[in-house]
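# Structural description and commentary
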Amino acid sequence: MDLALVADPAVIELAGEVLARAFHDDPVVRWLLPDDPGTALMFTALARYSHAITEAAYDAEGAMAGAALWDPPGHQPDEAGLPGFVEAMGERVSYGMVLEETFAAHRPAEPHWYLAQIGTLPEVRGRGVGGALLRTGLARCTGLPVYLECSKQSNVPLYEKYGFHVTEEFRLPDGPLVWGMWRAAS
């Protein structure tokens, strides 16, 4: 398994497509975009404008199999990305704003790394791709805590294996439950 930080815009677009496939059945993504159009564009805009680090995992044939989006402490999104979100989400862009406001209200104030998204293609699940992405990202976070929002209860035990614990459970307005998870500095 090869892991690489992604900077090339074409590769960031591919990461957006991989994340869209990875999150095809995710409750939060289905709440945001219930009919699926724009999901890949939304994840591409997130990678390009909202998050500081896009990391990808590649299989033995060189095909992207998973991706993760990370932010260091204090990172601020690039507001130049707003048109991309409007294009991706159309009339559902207000849901994206509600999601960001809700997540921000629950995010810890203490300086921390933030794992915004991590996902693998459905056909490679269970083969260690997500674990490799997570371990690599966590190694970068040495010395600081890490926070994430888990959008599927079935994934909570996976994150717990990597030292995260649930700090709270909250619901998006008229939407799904989300689990805030924290990993102490290592």
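Residues numbered from 1 in each chain as written. Predicted model: local features only at pLDDT ≥ 70, side-chain atom pairs only at ≥ 80, totals over all residues. Heavy atoms only, no water.

### Re the packing of helix H1 (residues 9–22) against helix H3 (residues 39–50)
Their axes nearest at 7 Å, the elements H1 and H3 cross at an angle of 130°. In this view, H1 runs oblique relative to H3, as classed from their interaxial angle. Remark: the crossing between H1 and H3 carries right-handed chirality. Residue-level inspection shows Pro9, Ile12, Glu13, Gly16, Glu17, Leu19 and Ala20 of H1 in contact with H3, the latter providing Thr39, Ala40, Phe43, Thr44, Ala47 and Arg48. (Axes fitted to C-alpha atoms, helices over the stretch in contact; angles between N-to-C directions. Helix = DSSP H or I, 4+ residues; strand = E, 2+ residues; numbered from the N terminus. Parallel < 35°, antiparallel > 145°, perpendicular 65-115°, else oblique. Left-handed = near helix turned anticlockwise from the far one by under 90°. Contact = heavy atoms within 4.5 Å.)

### Brief notes about the packing of aromatic side chains
In the structure shown here, the tally under the stated rule is 5 aromatic pairs. Their ring planes at 35° and their centres at 5.2 Å tell us that Phe23 and Phe43 sit as a pair that is tilted. Of this pair, Phe23 sits in the loop between H1 and helix H2 (27–32) while Phe43 sits in helix H3, placing them 20 residues apart in sequence. For the pair shown, Phe23 and Phe43 are each scored as buried. Centroid distance Tyr114 to Tyr147: 6.4 Å. Interplanar angle 20°. Geometry classified as stacked. Here Tyr114 is found in strand E4 (residues 113–120), whereas its partner Tyr147 is found in strand E5 (residues 146–150), with 33 residues between them in sequence. Each member of the pair Tyr114 and Tyr147 is classed as buried. (Phe/Tyr/Trp six-rings, centres within 6.5 Å; stacked < 30°, edge-to-face > 60°. Buried < 20%, exposed > 50% of the residue type's maximum accessible area, 1.4 Å probe, protein only.)

### Some words on the side chain of His112
Relative to the helices and strands, His112 resides in the loop between helix H5 (93–106) and E4. A distance of 2.7 Å separates the side chain of His112 from the backbone oxygen of Glu110, its partner in a polar contact. Setting aside its immediate chain neighbours within four residues, His112 contacts Asp71, Pro72, Pro73, Arg107, Pro145, Tyr147 and Trp182. (Polar contact = N/O pair within 3.5 Å; in protein donor to acceptor, adjacent residues only side chain to side chain.)

### What to know about helix H4 (residues 82–89)
Among the residues of H4, those classed as buried are Phe85, Ala88 and Met89. Angularly, the buried residues of H4 cover 80° about the axis, an arc narrow enough to put them on a single face. Set apart from the buried face of H4 by more than 90 degrees, the exposed residues are Pro83 and Glu87. Looking at the buried positions of H4, the neighbouring elements they touch are H2, H3 and H5. Just beyond H4, the residue with positive phi is Gly90, at close to 55°. (Arc of directions from axis to C-beta.)

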